[in-house]
Amino acid sequence: MATAIDIWENYLTIAKWQDFVNGTLESGSSSPIFNINPNDDREFDAIYLGGGAAGRFGAAYLRAMGGRVLIIDRWPFLGGSCPHQACVPHHLFSDCAAQLMLERTFSGQLWFQEMIGKTVSIKPIVELFRSGRTGPHAMMNYQSKEQLGLEFVLNAEAKIIDAHTIQVNGSQFQAKNLVLALGAKPIVPDVPGIQLQGVFTSQSLVEKLDDEPGNTAVVIGGGKTAIEYGCFFNATGRRTIIVARHQAMPMLKDAESRAYAILMMEEQGMEFLENAELSVIHGDAQGKVKTVSIKTAGGIVNIDTDFVFIAIGEQANSEQVAQTLGLELDDKSFIKVNRRMQTSIANVYAVGDVTGPPMEMFKARKEGVCAAKNIMGQASEYKAADYPDFMHTHYEVSWLGLSETQARQRYANVKILKLPPDNPNGFDVGLPAGDRMMLYLMAKPRMSGFQKLIIDGDTRKIVGAIHIGYGAKDGFQYLNYLVKNGLTIDDLADMDELFISPSYFIQLCRLRAGDIHFNDM
Ligand code: FAD
Ligand code: COM
C-alpha cells in the first residue's frame, strides 16, 4: 500500500499542479492523491469510476445539483484520455498537417522555406506534446478542485468490490450509486509481428515513440484516427499508405464531398489500399518492423517500412466490471445501458466511451450529466442522435444532417447550393475560401475547399451541410441546433454574415431565397 497524499487543505495553483503532475508521471509514483472533505459526513450519492470527460462532467453536474460525489481515476489528473492521448494530440498533429500542407504548397515561394525533399521529424513533435500536455492536466485539476469543489482520488486504480463499494489503495468507499466512466482503449489486432518495435497505436505513439520513424508509414484502418494521423505522417514528408478493410473515410456520407476530401489527400501523396487487411508484420534481427504484408483482392502486397500505425477502433475498459458485477455487455464488450444510462444493475450507471460509439466528447460529457440527473432524482434520457460531426484530413471536414443521396431518398425536391458550383473546371475554382485559405485561393484555387448545403425544396428546410476547409467547425455546432429546429433557406438568408467567413451558406441562401421555386446553385 503506497502512502497517500492528502491535499484537501492545500490550495494548489495551476503551476503547482503542473509540477505535481509532471513529477508524478516522470517518477511513476504510485502514491494516491486524496482530495476528500473530512468534514462532510454525508454518504456519497455516486462514485464516478474514471475522471475523463464523462466522469468529470457528470460529477460536476451532480455536485452542482446538491449531491455528494467522488471521482476515482488511475491517472494523477482529471480530464481522462482527451488531453493525455486522444483529442489534444490529434488536434496538435492535425494543426501540423495543415501548416505543413501550406508550407509544401508554397515551398520556396514568398517567405516559405524550401520543403522539397524535406522530411519533418515526428519525434520532437511528440515530445513537445508530452511536455506540454501537463498544462491542460493542471488546469483540469485546478478547475475541478478550486472552482467546482469536486472530491476525488487520483493516481489510484479503483477496484470494484460490489455495486456499492470501491476499494482504492486498501481503503473502501461506499456510495448509493456507481457510475462507470472507464473509457476505452485502441483495439490491437492479433496478427503475427504485432509486438515488434515500430508498431504503434494512438496511445503508444504519444507514450513510447523514442525512435524517429523512417520514410514510410503504413496506417491500418480507414476511420477518423487512421486518416487524421495518416495525414499528419504524410504532411511530414513520409510516404503514407492507408489500409482500409472496406472504404476509407466512410463516415463522410456525401459522395461528392468525400471525393473532394480523398482527391485532396491523394494530391498530397496519400495512398489508399481499400478492401485490404493487415496480414503479417515482419521484423528484422533486432525485433524491429521491416516489412508489412497486406492482403488485397489482387493478392498480398508487401511494403517495406519501420513504422506501422494501428487505428482499427476502440474497445471498452469493461473487463473488470464484467467479472465483478456480471453486467450485460454487447457483442463488442461495450456496457449495455438504457437511455437513463443504467446498466443491467439499476444503481450502476455507465457513461462515455465504455458504452460504445459514437466515441465523441460531447456524448461522453452528456451521458455523464444524464446519469447525474437520474441519480439526483431528475428523470432524464439521452441517446446521441442528429449530432454534427467533424474530422481532419489536412483540412478540417465538418458535416451535419443528411448526405445528398440520403436527402434524395427521403425528399422529392432536393436543392443544392454549393461551392464550387458544377462547372467545366471541376474543383479547379477558387471558392469557397476564407480565413487560412486565401493563399490557396490565389495560387492553387482547387485547394481552397468544398462546401454544400442540402435543402428540401418543398419545405425550404436545410437538411444537410458539409464544409471542407478551415474555420467552419465552430459554426457547425450552432448550425446543427438550428437545423434540428427547422432552419429554412429564408432564415439563413436573414442572418448577418461576418464576411469573409469560411462557409458561404448565408449569402448563397440570400441569393436564392427570393425565388419561391429556387434552383440549384
Ligand atoms: P476517458 O477520457 O478515457 O476516461 C476514462 C478514465 O477512466 C481515464 O481517465 C482512466 O484513467 C480511468 N480509468 C479506467 N480504468 C480505471 C480504473 N480501474 N481505476 C481508476 N480509473 C480508471 N472526441 C472528440 O469529440 N473530438 C476529438 O477531436 C477526438 N479526438 C480523438 C482522437 C483520438 C486519437 C481518440 C482515440 C479519440 C478521440 N476522441 C475525440 C474521442 C474522445 O477522446 C473520447 O470520446 C472521450 O475522451 C471519452 O471520454 P470518457 O470519459 O468516456 O473516457
Ligand atoms: C477536456 C477534458 S480535454 S474534460 O472533458 O474537460 O474533462
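What counts and how
- Residues numbered from 1 in each chain as written.
- Chains lettered and ligands numbered in written order.
- Predicted model: local features only at pLDDT ≥ 70, side-chain atom pairs only at ≥ 80, totals over all residues.
- Heavy atoms only, no water.
- Near = heavy atom within 4 Å.
- Polar contact = N/O pair within 3.5 Å; in protein donor to acceptor, adjacent residues only side chain to side chain.
- Areas by Shrake-Rupley, 256 points an atom, 1.4 Å probe, with all protein chains shown as cover.
- Helix = DSSP H or I, 4+ residues; strand = E, 2+ residues; numbered from the N terminus.
- Nonpolar A, V, L, I, M, F, W, Y, C, P; charged D, E, K, R; others polar.
- Domains from an automatic or database assignment.
- UniProt positions renumbered as here; feature names shortened; annotations may be inferred.
- Pairing = 2+ DSSP bridges.
- Contact = heavy atoms within 4.5 Å.
- Axes fitted to C-alpha atoms, helices over the stretch in contact; angles between N-to-C directions.

Considering the site of ligand 1
So, point 1. Neighbouring residues of ligand 1: 33 residues in total, closest D73, S81, A158, D353 and M361.
So, point 2. Measuring from an oxygen atom of ligand 1, one finds a side-chain N or O atom of S81 at 2.8 Å.
So, point 3. Contact with the protein chains removes 93% of the 1,000 Å² of surface that ligand 1 exposes when unbound.
So, point 4. Contributing elements (two or more residues each) for the shell around ligand 1: α2 (53-64), α3 (81-85), α4 (87-105), α8 (224-235) and α11 (361-375).
So, point 5. If you tally residues by element for the shell around ligand 1, the top one is α4, at three residues.
So, point 6. Of the residues in the shell around ligand 1, the class split is 16 nonpolar, 11 polar and six charged.
So, point 7. When residues of the shell around ligand 1 are assigned to domains, at least three fall in each of domain 1 (5-84 + 130-185 + 316-375) and domain 2 (188-312).

Re the UniProt feature "domain: Pyridine nucleotide-disulphide oxidoreductase dimerisation" (unreviewed entry) in the chain
So, point 1. UniProt feature "domain: Pyridine nucleotide-disulphide oxidoreductase dimerisation" (unreviewed entry): in the numbering of this structure it lies at residues 388-503.
So, point 2. This span, residues 388-503, is 26% helix and 28% strand, and a straight line between its end C-alpha atoms measures 15 Å.

Some words on the sheet that holds strand β11 (residues 216-220)
So, point 1. A sheet is described by the order of its strands in space; here five strands give the open sequence β10-β17-β11-β12-β13, paired in parallel fashion. The outermost strands of the open sheet, each flanked by one partner alone, are β10 (199-200) and β13 (271-273).
So, point 2. One ladder, built from five bridges, connects β11 with strand β12 (residues 239-243); its direction is parallel. Within the sheet, the bridge partner assigned to V218 lies in β12 and is I241.
So, point 3. The strands that α8 touches are β11, β12, β13 and β17 (308-310); relative to β12, the one it contacts most, it runs at about 165°.

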